[in-house]
Every structure is written in C-alpha cells, then in structure tokens.
Amino acid sequence: MTGPSAAPRPARDPGLQPERTRLAWRRTALALTVVTVLAVRLAFTGDLGGVLLAGVALVVWGAVLPVCWRRGTGTGPARTGGRSLPLAALGAAALAVLGVALVLRGLW
C-alpha cells in the first residue's frame, strides 16, 4: 500500500488578505490616536493622574504609531517576527485598557 501521491501544490493566492491586514493596522492606529487624544483631554482638567496618563499615552502612541503606519501603508516589513510586532501589540493593549478606564471615568 502506498501513501497519497505528492501532487504539486497550486500557487498561493492571497486574495484580499493583504488589504484586510492593512485596513486592520489603520484601524489600530486610529483607535490609538483617539485614546491618546482623550488622555490629553484628561490632562487639561489639571489632575496630576490625568497628566501622567496623558504622558504615558503619548509615549506609547509615539512608539506604536510608526509600526502601525508602516504596516498600514504596506511599506513595512513583510516578515512577522522581530520585536516591533509584539511591542506594538503590547502598546495597543495598554492603550485599550486606558481607553476603557477613560470611558468608565465618564469622559466619553
């Protein structure tokens, strides 16, 4: 008895996957920007905690936005390894938690 024949694989057709990926990175950049703007708005209330949150949000936004921009425009690296992708995911998660905190605080 022999195994299945080794038929040649058809060429990979990515379809719309690259476009969906670029759109997802653009949505991530937009969401990060909105949360950062809300955090900066909180800083103008004069609360020291708001100023600290705004500072952290601006630092994270400044670090993650270039990664989102390169991948969202298709000019970034095609590989998925390295340190930039996990750091961008961690930064996005941190700003998502900050966004939830801002909404729960009643700024929305």
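Please read all numbers here as calculations on a predicted model, not as lab measurements.

Trainee: Mind showing me how you'd approach the overall build of the chain here?
Mentor: Within the chain, the secondary structure is distributed over three helices and zero strands. Each helix (α) and strand (β) of the chain, taken in turn from the N terminus, gives the series α-α-α. In the chain, buried positions account for 23% of the 108 residues. Working note: accessible area of the chain is about 7800 Å², and carbon and sulfur atoms make up 68% of it.

Trainee: Is there a simple way to think about a nonpolar patch on the surface in this case?
Mentor: A cluster of nonpolar side chains, namely Leu48, Val51 and Leu52, defines an oily patch on the protein surface of about 310 Å² accessible area. The residue Leu48 is located in helix α2 (residues 48-73) in this model.

Trainee: Help me out: how do you make sense of the nonpolar core in this one?
Mentor: By size, the foremost hydrophobic cluster in this structure holds 18 residues, and its most contacted members are Ala39, Val64, Cys68, Leu95, Leu98 and Leu102. Elements with a minimum of two residues in this core: α1 (17-43), α2 and α3 (84-105). Take this core: its biggest share by element is eight residues, from α1. Residues in contact with Leu98, not counting those within four places in the same chain, are Val35, Ala39, Leu53 and Ala57.

Trainee: Which parts of the structure should I look at to understand the confidence of the model for the chain?
Mentor: If pLDDT is low for a region, its predicted coordinates should not be looked at in detail. Counting all residues, the mean pLDDT for the chain is 78, and 81% of those residues have values of 70 or more. The spread of mean pLDDT over the elements of the chain runs between α3, the lowest at 79, and α1, the highest at 86.

Trainee: Can you help me understand α3 in this one?
Mentor: Working note: α-helix, 3.6 residues per turn, so residues spaced by three or four point in the same direction. With 22 residues, α3 ought to run about 32 Å at 1.5 Å a step, and its terminal C-alpha atoms sit 31 Å apart, in line with that. For α3, the complete set of buried residues consists of Ala88, Gly91, Leu95, Leu98, Gly99 and Leu102. In an axial view of α3, the angular spread of the buried residues amounts to 105°, which keeps them on one side of the axis. Exposed and facing more than 90 degrees away from the buried side of α3 are Leu90, Val97 and Leu104. Against the buried residues of α3 lie α1 and α2. In the stretch just after α3, Gly106 is the one whose phi turns positive, near 105°.

Parameters at a glance
Residues numbered from 1 in each chain as written. Predicted model: local features only at pLDDT ≥ 70, side-chain atom pairs only at ≥ 80, totals over all residues. Heavy atoms only, no water. Helix = DSSP H or I, 4+ residues; strand = E, 2+ residues; numbered from the N terminus. Buried < 20%, exposed > 50% of the residue type's maximum accessible area, 1.4 Å probe, protein only. Areas by Shrake-Rupley, 256 points an atom, 1.4 Å probe, with all protein chains shown as cover. Patch = residues over 30% accessible without salt bridge, like charges linked within 9 Å, V, L, I, M, F, W, Y side chains within 5 Å. Salt bridge = Lys/Arg side-chain N within 4 Å of Asp/Glu carboxyl O. Core = buried A, V, L, I, M, F, W, Y, C linked by side-chain atoms within 4.5 Å. Contact = heavy atoms within 4.5 Å. pLDDT = per-residue confidence, 0-100. Expected span 1.5 Å × (residues − 1). Arc of directions from axis to C-beta.

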